Amino acid sequence: LARGDLARDLTGRHVVVSAGGTREPLDPVRFLGNRSSGKQGYALARSAAARGARVTLVSANAALPEPAGVDIVPVGTAVQLREAILKASADADAVVMAAAVADFRPETYATGKIKKRDGQEQPPIALVRNPDILAELAGIAADRPRPGQVVVGFAAETDDVLANGRAKLERKGCDLLVVNEVGERKTFGSEENEAVVLGADGSETPVPYGPKEALADTVWDLVAERLPKNS
Ligand code: CTP
Ligand code: CA
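What this report covers is the structure whose coordinates are included nearby.

The rules behind these values
Residues numbered from 1 in each chain as written. Chains lettered and ligands numbered in written order. Predicted model: local features only at pLDDT ≥ 70, side-chain atom pairs only at ≥ 80, totals over all residues. Helix = DSSP H or I, 4+ residues; strand = E, 2+ residues; numbered from the N terminus. Buried ≥ 20, exposed ≤ 12 C-beta atoms within 10 Å, placed from the backbone. Near = placed C-beta within 6 Å. Nonpolar A, V, L, I, M, F, W, Y, C, P; charged D, E, K, R; others polar. Pairing = 2+ DSSP bridges. Axes fitted to C-alpha atoms, helices over the stretch in contact; angles between N-to-C directions. Contact = placed C-beta atoms within 7 Å.

Overview of unusual backbone geometry
Right, so step 1: If you check the backbone angles, Asn61 has positive phi at about 60° while not being a glycine.
Right, so step 2: Within the secondary structure, Asn61 is located in the loop between strand 4 (54-60) and strand 5 (71-75).
Right, so step 3: In this structure, Asp160 takes a positive phi of about 40° despite not being glycine.
Right, so step 4: Looking at where Asp160 falls in the secondary structure, it is placed in the loop between strand 9 (150-157) and helix 4 (161-172).
Right, so step 5: You can call Asp160 exposed: it has 10 C-beta atoms within 10 Å.

Structure representation (structure tokens):
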């Protein structure tokens, strides 16, 4: 099918996309963060809107223009992202977790700038685990919070990309996992991406190196195939 034939195939659907990367503040001037630009998540939001979906874009620290016709919910931290995603996904047909979520956050937030002491060698920062939002949405197949909702994750891997991706898909319980290989020069901040989309049904869909829009459209193709038929 040519792209045009698929136009508006998400009409009547509500989809939620997370984009960007969380920042976990230590004090008023510092945070733990990552290099996610948000471009892939924004491309997913634009693509879904163009295909007729109502789109909620939960955006973590992405310095990108707001796509037209998309509801944007700005967030900072992983905990805020979780709250926004759970709220928006209550009536969603699909959720795509494209955001890079910090695995850990500082245990405490210092309201004043953290100062080092003379002779102090131990860093003054303790970290605690953040909630795993994707695993919470996906559950294990049987007790998914919202049955029928299609849940998609992203994974950036540097080694054993496919094996790590397959294991991660099973661990998270999601329907689809978009796996891309990252390295020093690959993916972060770039306009292009190359990926393999793994399905819980065993499917593998390679997406050749190309614009993030093309990967976005492939993701929505695979999501659309898995949506329960509109009643
Ligand atoms: N994710 C999430 N909540 C977290 C961490 C990750 O929802 N606390 C989501 C990401 O948005 C992404 C997927 O899980 O869609 C995979 O993220 P990744 O960091 O690759 O997975 P982890 O389970 O954190 O594994 P790793 O130890 O490799 O970082
Ligand atoms: Ca992680």
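Now that the structure has been shown, we can carry on.
Describing the site of ligand 1
Right, so step 1: For ligand 1, the set of nearby residues contains 13 residues, the closest of which are Met97, Val101, Ile133, Leu134 and Gly153.
Right, so step 2: Mapped by element, the contributors of at least two residues to the shell around ligand 1 are helix 3 (133-138) and strand 9.
Right, so step 3: Looking at the shell around ligand 1 element by element, the count peaks at 3 residues for strand 9.
Right, so step 4: Across the shell around ligand 1, the residue classes break down as 8 nonpolar, 2 polar and 3 charged.

Some remarks on the pairing of strand 12 (residues 204-211)
Right, so step 1: The buried count for strand 12 comes to 0 of 8 residues, which makes it a mostly uncovered element.
Right, so step 2: As paired strands, strand 11 (residues 192-199) and strand 12 are joined by 6 bridges and run antiparallel to one another. For Leu198, the partnering residue across the bridge sits in strand 12 and is Glu204.
Right, so step 3: The hairpin turn running from strand 11 into strand 12, its antiparallel successor, is 4 residues long, and Gly202 in that turn takes a positive phi close to 95°.

Regarding the sheet that holds strand 11
Right, so step 1: Pairing in this open sheet of 8 strands is mixed, and the strands run 5-4-1-6-9-10-11-12 from one edge to the other. Edge positions in the open sheet fall to strand 5 and strand 12, since each of these has one partner strand only. Each strand of the sheet is rotated relative to its neighbour by a mean of 15°, with strand direction disregarded.
Right, so step 2: Against the sheet, helix 2 (residues 78-88) touches strand 1 (14-20), strand 4, strand 5 and strand 6 (94-97), its axis set at about 175° to strand 4.
Right, so step 3: The strands touched by helix 5 (residues 212-226) are strand 6, strand 9, strand 10 (176-181), strand 11 and strand 12; relative to strand 12, the strand with the most contacts, the crossing angle is about 155°.

A word on the environment of Leu162
Right, so step 1: Secondary-structure assignment places Leu162 in helix 4.
Right, so step 2: Residue Leu162 is classed as partly exposed on the basis of its C-beta count, with 13 C-beta atoms lying within 10 Å.
Right, so step 3: Sequence-distant contacts of Leu162, defined by excluding residues within four places in its chain, comprise Val179 and Val196.

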